[in-house]
Amino acid sequence: MSLIEDLERLESEGLGAIAQASDVTALETVRVALLGKKGSVTSILRGLGSLSAEERPAAGKVSNAVRATLEDALAARQSLLAAAELEGRIASERTDVTLPGRRRAPGHEHLIEHVVREIVQIFIGLGYRVAEGPEAELDYYNFTALNTPADHPARNASDTFYIEDLSGEKAVVAGESDVLLRTQTSPVQVRVMEAQKPPIYVLAPGRVYRRDVADPSHLPQFTQVEGIVVDRGITFGDLKGTLEHFCREMFGAERVVRLRPHFFPFTEPSAEVDVSCHVCAGAGCRMCKHSGWLEVLGCGMVDPNVFGYVGIDPEEYTGFAFGMGAERIAALKYGVPDLRYLIESDMRFLRQF
Ligand code: DAH
């Protein structure tokens, strides 16, 4: 009889321990202590063999019932604790999708780059192609082949950055070095005319360098966009019509364009182009210094001497060329009062565009 009592005691103790197990690991410890190989219930069940034949059926019945009860209780507690653990994990690992995200600031085009692209797009629309040339340029392309006389002031070492030539021997003095930082994008005209036969409709954007001190209207390094057209029957009227179209696309359909006579070594005749001020519509304001006009570019008909350097017959072909400063166009179009803002990388300024 004491065996049955032992079993009943173990059952109630076991159920208590099962109910108190607070997690799946603790429950497993309880299971091993009761029903494992060396468990308390298991060792009592082993004792059944030593009972008499009369005692055995009743004790066997009780012991089976106790084991079944404990197994059921363990299984029930196990699924309860497992479910609670899962709930706990779901709650603690939850992502709050309503929290504001971390903002990543995407970069954007610099205003100079933006303006160059605007200019290029206008001429691409007219069928021009884009060409490039080296920033470290030969004197020949930057000056000589552009019909610039040997004593022209722009060749002075005070205006142009000369680089030691490839031998590395020569001093950095005007005329003694063949390599310089190009002072204009016009040398690309010469390179294009050397490399291809007319018809030529080419635009050449790029960086240029001059020995200027930075001030509100000058930078020692800036960006130009050059244009060169060579074809049969090109006239000054084609030049004027093209630049009028450009100015209206850039500054607004109402703009009026005027050409003032000017001089460039590589064009004849040459002109400077003014566009009526888009801020005051020509009435006069601070932007146009009360003149009503903004100076936007230089241009002219390609000088026959330049054709001579590249082997184009001036009796068969004529052409026009133009060049403009992208920083200056940016300043005029977007109201930048000082060109230095464009190169100072102050995000408070740059973010406005
Ligand atoms: N290269 C000139 C400058 O830097 C600009 C220029 C004027 C370019 C007339 C041209 C042109 O192609 O025809 O001031």
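Residues numbered from 1 in each chain as written. Predicted model: local features only at pLDDT ≥ 70, side-chain atom pairs only at ≥ 80, totals over all residues. Heavy atoms only, no water.

### A look at helix α4 (residues 55-92)
Applied cut-off: Only DSSP runs of H or I reaching four residues or more are called helices, and only runs of E reaching two or more are called strands; each is numbered from the N terminus. Expected helix span is computed as 1.5 Å times (number of residues minus one). Whether a residue is buried, partly exposed or exposed follows from its accessible area with a 1.4 Å probe, protein chains only, as a fraction of its type maximum: under 20%, in between, or over 50%, in that order. Two residues form a contact once any of their heavy atoms are found within 4.5 Å.
Across its 38 residues, α4 extends 55 Å between first and last C-alpha, which sits within 8% of the 56 Å expected from 1.5 Å per residue. Burial in α4 covers these residues: Ala59, Gly60, Ser63, Val66, Leu70, Ala73, Leu74 and Leu81. Where α4 is buried, its residues touch α1 (2-20), α2 (24-35) and α3 (40-46).

### Considering a nonpolar patch on the surface
Threshold: For patch detection, residues must exceed 30% relative accessible area and be free of salt bridges, and they are connected within 9 Å for like charges or within 5 Å for nonpolar side chains (Val, Leu, Ile, Met, Phe, Trp, Tyr). Exposure was quantified through the Shrake-Rupley algorithm and a 1.4 Å probe, taking into account, for residues, occlusion by the shown protein chains and nothing else. Throughout this description, the term salt bridge denotes a Lys or Arg side-chain nitrogen within 4 Å of a carboxyl oxygen of Asp or Glu.
On the surface, a nonpolar cluster with roughly 250 Å² of combined accessible area is contributed by Leu138, Tyr140 and Tyr309. Within the fold, tyrosine 309 resides in helix α9 (residues 304-310). Judged by relative accessible area, which is 37%, tyrosine 309 ranks as partly exposed.

### Structural notes on the domain arrangement of the chain
Definition in use: How far each domain reaches was decided by an automatic or database domain assignment.
You can read the domains of the chain as domain 1 (3-93) and domain 2 (111-350). Taken over C-alpha atoms, the centre of domain 1 sits 94 Å from the centre of domain 2.

### Regarding the sheet that holds strand β5 (residues 200-209)
Applicable threshold: At least two bridges found by DSSP between two strands is the condition for calling them paired. Angles run from 0 to 180 degrees between N-to-C directions of axes, and those axes are lines fitted to C-alpha atoms, restricted for helices to the stretch in contact.
Spatially, the seven strands line up as an open sheet ordered β1-β5-β6-β10-β9-β8-β7, and their pairing is mixed. Unpaired on one side and paired on the other, β1 (129-130) and β7 (257-264) mark the two borders of the sheet. Bridge count between strand β6 (residues 221-231) and strand β10 (residues 318-325): eight bridges; the pairing is antiparallel. Considered in β10, the bridge of valine 230 is made with glycine 319. Helix α5 (residues 111-124) rests against β1, β5, β6 and β10 of the sheet, and its axis sits at about 165 degrees to β5. On the sheet, helix α10 (residues 326-334) packs against β6, β9 (293-302) and β10 and is oriented at approximately 65 degrees with respect to β10.

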